[in-house]
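Breakdown of the fold
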Amino acid sequence: WLPALQLLRHASKAVTRHWKAMNFQRQKLLAVTEYLAPRPAVPPRCLPRPTAQGHQEDGHAAVLRRQVQETLRGSRMVAVCQYNSMPDEDVVTLRHYLRKHDIHVKFVLNEIVRPVLAQSKYRNLLPLFVCRNILLVSPETRAREMLRVLKGVPQVNLLGACIDDTILSRQGVENFARLPPLEVSQGQTVAALSLLSSQTCSLLQRGPAHLTALLDQHIRQLQDVAGPTEPPPG
Amino acid sequence: PAGPGGVAVPRAGLKKLALPPDYSGITFPEKPKLKFMDKVPAVPKVRREPRRLRDIRGPSQVATDFTQGQYGILALGGGYLHWGHFEMIRLTIGRSIDPKSMFAVWRVPAPYKSVTRKSLGHRMGGGKGPIDHYVTAVKSGRLVVEVGGRCEFEEVRPFLARVAQKLPFPAVPVSRESLREMRREEEQKRLDNQNPWTFERVVASNMLGMRKYLSPYDLQLKGRYWGKFFLKHRV
C-alpha cells in the first residue's frame, strides 16, 4: 500500500528538523484519540486519608519501650518531674543524692512513653508527659528524702507521682511525705485496735475492784471510829 | 502539639538511624572515565551515503535498558550527535564524577554516518557535496551515557541534567527505578484510558479511510511519534 505520489511531490520529507505541519484530518484524529483519565465515582479527596503504610518498627524504639515497661513494673514509686536544662555536674550530683536513697533517675522520650502508658494501667498519667521530663523510680517509697533533694534543685519540678498504684498530685506527695513511717503507723494501728481488748480486763475487774475499794473504805472508817475509843493494846 | 496556652510545644523525637546504602553488587569497568571518541572513524568512508533519515524516526530498539551503571541520560527524541556533542559530554561528565568511586560508560557508538555539505554560496546542482563530518544517529528511548558507582541519584542528577539540556534532542537524566516507574506509568495509562477510540485501533482497521492521510509507518508508530519528535503526552 503506497500513498498517491501526487501528495509527496511538493512536500518536505517525512523526518524534518522543524515541526512539520500535520494534515488537518490527522490533527482531528489525534484530538479524538487523546487520553481520557479515569474518574472514580467517589473523588479521592472525599475518601479518608490513607495512614502511613509500611511503618518500619524501629529496633531502638522497641528496646527503649521494653526498658520503660520493666522499670514501671519493678518500681513502687514513680515520680514525674519537669526538667529544665541543668549543667552536667548538677545532674550528676542530683543522681548521686537520689541514688543514696535508692531512687533512680531516668530520662524518657515522650513519643516512647506515651504508647506504653496508654496500654498499661497508668493511663491517667498521660497528661503529665508533655515537655521534657524525667522519671524518678524507686522500689521503696521514700517521698520525704526525695522532696528534700528536689527542693534544693530549682530546675526540676515535681508534677505528679504514682506511689503504690495511687496517683498523687504534688500536694498529695507532700502530704504523703508528712505521714509517719510504716512501722510507726502500724504500731499505732495495732495499739488502736487492741485498745478495746486491753480495756476488757479492767472492765471485768471493775465490779469487784469497786467492791474492794468500798470495803477498804468501810474498814478504814470503822478503824477510825474504833481507834480513838479503844486504848492501844499494850 | 499544642501546649496549655495553645502555643506549640517544641519537642525532640527519637533519632531514626538509617542504614547507609549498600553498594555491594557494583562492578567497575577498567577505565572509569568516558572513552575519547574520534571525529572520523578509523576507516573513513569513501562512498558518500544517502541521507536515510529513517534512522532518527520512531522508537529505539537498541540500548533501551541499563547494563552496567545505575543512572543515565535517556533520549526523548531523535537526532544526530556529532563530535562536538561527544566532547561536551565526555568533558562535563569527566569533570563531575570522582573516578575512584564512580564510572561512566558510552551507550552510543562513535560517529559512523557521513554527512555531506556543499560549499556555501553556490547554486543547486553539480552533484553531491563532499563529506563534511560524521554523526551518530540516536532514536528516542535510547540511553546515551550510563553513570554508576558509589553514588546516589541526587548527586548525579544535576550534571546529567546540564548535559541533557545541551543535547540536540530532548533528554532527561534517569535512574533504574525512575525508568521502571516511567514505563509502568505509560503502561498504566494505556490500560486505564477511558477513550474507546485509540489511534492504534483507528489505523489498524482504517476507520473513515484515515490511512489516506497517514503514513504506513503509523501502524507501528501509533501516533506517538511525528518525524523525529516523541509525543510524550500521547498514550
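Residues numbered from 1 in each chain as written. Chains lettered and ligands numbered in written order. Predicted model: local features only at pLDDT ≥ 70, side-chain atom pairs only at ≥ 80, totals over all residues. Heavy atoms only, no water.

Next up on the list: the domain arrangement of chain B. All names here are of chain B. Taken domain by domain, chain B comprises domain 1 (27-119 + 126-180) and domain 2 (193-234). Contact residues are listed per partner, giving eight residues for domain 1 and eight residues for domain 2. Between domain 1 and domain 2, the buried area comes to about 770 Å², and carbon and sulfur atoms account for 61% of it. Contact with domain 2 buries surface across domain 1, with Arg-57, Pro-59 and Leu-76 losing the most and accounting together for 59% of the total. Where domain 1 touches domain 2, the interface holds zero salt bridges. On inspection of domain 1 and its partner domain 2, the count reaches one residue pair in polar contact (both at pLDDT 80 or more). Looking at side-chain class alone, the side of domain 1 that touches domain 2 contains three nonpolar, four polar and one charged residues. (Domains from an automatic or database assignment. Contact = heavy atoms within 4.5 Å. Buried area = accessible area lost by both parts, 1.4 Å probe. Salt bridge = Lys/Arg side-chain N within 4 Å of Asp/Glu carboxyl O. Polar contact = N/O pair within 3.5 Å; in protein donor to acceptor, adjacent residues only side chain to side chain. Nonpolar A, V, L, I, M, F, W, Y, C, P; charged D, E, K, R; others polar.)

What follows concerns the environment of Glu154(B). All names here are of chain B. Mapped onto the secondary structure, Glu-154 falls in helix α2 (residues 153-166). Exposure remark for Glu-154: the relative accessible area of 55% places this residue in the exposed category. Once the C-alpha coordinates of Glu-154 and Lys-15 are considered, the two residues, 139 residues apart in sequence, prove to be 23 Å apart. Here the side chain of Glu-154 touches Arg-157 through a polar contact of 2.8 Å, side chain to side chain. (Helix = DSSP H or I, 4+ residues; strand = E, 2+ residues; numbered from the N terminus. Buried < 20%, exposed > 50% of the residue type's maximum accessible area, 1.4 Å probe, protein only.)

The next subject is the confidence of the model for chain A. In this model, chain A carries an average pLDDT of 86, and 93% of its residues clear a pLDDT of 70 or more. Mean pLDDT values for the elements of chain A range from 57 in helix α1 (residues 5-9) of chain A up to 96 in helix α2 (residues 24-32) of chain A. (pLDDT = per-residue confidence, 0-100.)

Attention now moves to the side chain of Ser140(B). Residue and element names in this part refer to chain B. The topology assignment puts Ser-140 in the loop between β5 (131-138) and β6 (143-149). By relative accessible area, Ser-140 is classed as buried at 3%. Here the side chain of Ser-140 touches Gly-58 through a polar contact of 3.4 Å, landing on its backbone oxygen. When neighbours within four sequence positions are excluded, Ser-140 is seen to be in contact with Gly-58, Pro-59, Ser-60, Ala-75, Leu-76, Gly-77, Gly-78, Tyr-225 and Phe-230.

Going through the model one piece at a time under the given rule, you end up with seven aromatic pairs over all chains. Plain terms: the ring middles of Tyr83(A) and Phe107(A) are 5.1 Å apart, the flat faces sit at 90° to each other, and that makes the pair edge-to-face. Separated by 24 residues along the polypeptide, Tyr83(A) in strand β1 (residues 77-83) and Phe107(A) in strand β2 (residues 104-107) bring together distant segments of the chain. Take Tyr83(A): its relative accessible area is 10%, and that puts it in the buried class. The partly exposed category is assigned to Phe107(A), whose relative accessible area is 38%. Measuring from centroid to centroid gives 5.2 Å for Tyr225(B) and Phe230(B), while their planes differ by 35°, and the two rings are tilted. The burial state of Tyr225(B) is the same as that of Phe230(B); both residues are buried. The residue whose ring lies beneath Lys39(B) is Trp83(B), and the NZ or CZ to ring-centre distance is 4.8 Å. Positioned over the ring face of Tyr35(A) is Lys189(B), at 4.9 Å from the centre of the ring. (Phe/Tyr/Trp six-rings, centres within 6.5 Å; stacked < 30°, edge-to-face > 60°. Lys NZ or Arg CZ within 6 Å of the ring centre and 35° of its normal.)

Ile73(B), Ile89(B), Ile93(B) and Val144(B) are the most contacted members of the largest nonpolar core, which has 29 residues in total. Counting residues per element, the ones that place at least two in this core are β1 (71-75), α1 (83-96), β3 (102-106), β6 and α2 of chain B. Ignoring sequence-local partners within four residues, the contact set of Ile89(B) consists of Leu34(B), Gly94(B), Trp106(B), Val144(B), Val145(B), Val163(B) and Leu167(B). Counting 25 residues, the second-largest nonpolar core is a separate cluster that includes Leu98(A), Val156(A), Ala161(A) and Ala177(A). (Core = buried A, V, L, I, M, F, W, Y, C linked by side-chain atoms within 4.5 Å.)

Now for the interface of chain A and chain B. Each side of the interface is counted separately: chain A has 32 residues, and chain B has 34 residues. Both sides of the chain A and chain B interface together cover about 3,200 Å² of buried area, and 68% of this is carbon and sulfur. Seen at the junction of chain A and chain B, the total is one salt bridge. In this structure, the salt-bridge partner of Arg26(A) is Asp218(B), at a minimum N-O distance of 2.8 Å. The interface formed by chain A and chain B contains nine residue pairs in polar contact (both at pLDDT 80 or more). Residue assignment for the side of chain A that touches chain B shows that the elements contributing at least two residues are α2, α3 (59-73) and α5 (110-119) of chain A. Top contributing element to the side of chain A that touches chain B by residue count: α2(A), with five residues. In terms of residue class, the side of chain A that touches chain B is made up of 19 nonpolar, six polar and seven charged.

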